[in-house]
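Here is how the chains run, residue by residue.
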Amino acid sequence: MNRLLSFLEYRPRLRNILSFCFSLIVMLLIGVGKVTAQDLNNSTVDLVANLWMLIAGSLVFFMNAGFALLETGFCRTNNATNVLAKNLIVFCVAALAYWMFGFGLMFGNTSALKNSFSGGTGFFLEILTSNNQYSQFQEVWTGRSIATLFFFQLTFAGTAATIVSGAVAERVKFWAFLLFSFFLVAFSYSLTGHWIWSSEGWLYNLFKFRDFAGSTVVHSVGGMAGLVGAWLLKPRDGRFGYNRKT
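Once a new chain begins, its residue numbering starts again from 1 and follows that chain's sequence as written. Two thresholds apply to this predicted model, a pLDDT of at least 70 for residue-level local features and 80 or more for giving and counting side-chain atom pairs, whereas whole-chain, interface and lining totals are computed over all residues. Side-chain measures here rest on the full set of heavy atoms in the structure, leaving out hydrogens and waters.

Undergrad: Quick question: what am I supposed to make of the environment of C75 here?
TA: Under the DSSP-based scheme used, a helix requires at least four consecutive residues in state H or I and a strand at least two consecutive residues in state E, with every element numbered from the N terminus. Inspection of the secondary structure puts C75 in the loop between α4 (63-74) and α5 (80-107). C-alpha separation for the pair C75 and A169, spaced 94 residues apart in sequence, amounts to 7.3 Å. Residues are treated as being in contact if the distance between any of their heavy atoms lies within 4.5 Å. Beyond its immediate sequence surroundings of up to four residues, C75 is in contact with V83, A169 and E170.

This is how it looks when you write it as structure tokens:
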């Protein structure tokens, strides 16, 4: 942690970006809290079910700490701080992307009742409208508030983005990784998640595809993205006979 703070001390632009991201997260949590308060007024919300889902989501969230330690251990000492910084900010970027586009594309209501390609409502977590634009999703998860469902799904979206950081460690620029993480969570991950985890998705209905633990939606999407990134970036300089100057 001391090395990470020292790394940020001499990078004022990065500190400003981090502060901006954390401010957005706080605003997001305030908005989610408002939605939660509205949902809790509904007697159909099961407090025990919501509490258990929040606890389970928190455990998934702390996978980011494990990824940070694993990736830092596989990297050289002079790149350890950079890897830790990426794992710190990637969840902030993932939360912003999932709030803006991802959750709506993944679980928003669809015009087609079956075999849809993506959700079409609920962007920015219903802040722009008072109507429930996730009614199809809540029919599957009865008794859960939108805020609880959002947090639970967000932790998996952030995990998918974090998987990639280990595959491209020491070979990608900081800003390029953040930009990539935003588009991965906002579109690629969310569209794939809709096909499989949404009750209206075409893989879920047409082929009866089931993924209960995220082996496809989370790990395959993150793993394939990491594989493509590693292939494009080539090996680390000096490894496997690779020389970037030749």
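Undergrad: What am I meant to see in the nonpolar core here?
TA: The nonpolar side chains of soluble globular proteins are, as a tendency, buried together. Here, nonpolar core refers to any group of buried Ala, Val, Leu, Ile, Met, Phe, Trp, Tyr and Cys residues whose side-chain atoms link them within 4.5 Å. Remark: exposure states derive from per-residue accessible area (1.4 Å probe, protein chains only) relative to the maximum for the residue type, with buried under 20%, exposed over 50%, and partly exposed in between. If you look at the biggest cluster of nonpolar residues, it comprises 50 residues, and the most contacted ones within it are Y98, F103, Y189 and W197. Of all the secondary structure elements, the ones that give two or more residues to this core are α3 (47-61), α5, α7 (146-167), α8 (174-197) and α10 (215-233). Setting aside residues up to four positions removed in sequence, F103 forms contacts with Y98, G108, L125, Y134, F137, I146, L149, F150 and Q153.

Undergrad: Where do I start with the packing of aromatic side chains in this structure?
TA: Working definition: an aromatic ring pair is given by the centre-to-centre distance plus the angle between the planes. What counts as a ring pair is set by centres within 6.5 Å for rings of Phe, Tyr and Trp (its six-membered ring), and what kind of pair is set by the plane angle: stacked under 30 degrees, edge-to-face over 60, tilted for all other angles. Evaluation of the coordinates by the stated rule reveals 20 aromatic pairs. Ring pairs connect the aromatic residues Y98, F103, F107, Y134, F137 and F150, which therefore count as one cluster. Only when the NZ of Lys or the CZ of Arg is both within 6 Å of the ring centre and within 35 degrees of the ring normal is a charge said to sit over the ring. Taking NZ or CZ as reference, K86 lies 5.7 Å from the ring centre of F177, over its face.

Undergrad: Honestly, the side chain of S190 in this entry has me stumped. Any pointers?
TA: Relative to the helices and strands, S190 is located in helix α8. Looking at S190, the relative accessible area reads 0%, which means it is buried. Leave out the neighbours within four places in its chain, and S190 touches Y98, G102, L105, M106, L184 and V185.

Undergrad: It is not clear to me how α3 should be interpreted in this structure. Could you clarify?
TA: Side chains that are three or four residues apart share a direction in an α-helix, a result of its 3.6 residues per turn. For a helix, the expected span equals 1.5 Å multiplied by the number of residues minus one. For α3, spanning 15 residues, the distance from its first C-alpha to its last is 21 Å, which sits close to the expected 21 Å at 1.5 Å a residue. All of the buried residues in α3 are A49, N50, M53, A56, G57 and V60. Mapping the buried residues of α3 onto a view down its axis gives an arc of 130 degrees, with all of them on the same face. Residues L47, V48, L51, W52 and L59 are exposed on α3 and point more than 90 degrees away from its buried face. Residues of α3 that are buried sit in contact with α4 and α7. Working definition: the arc comes from the directions between the helix axis and the C-beta atoms, pointing outward to the latter.

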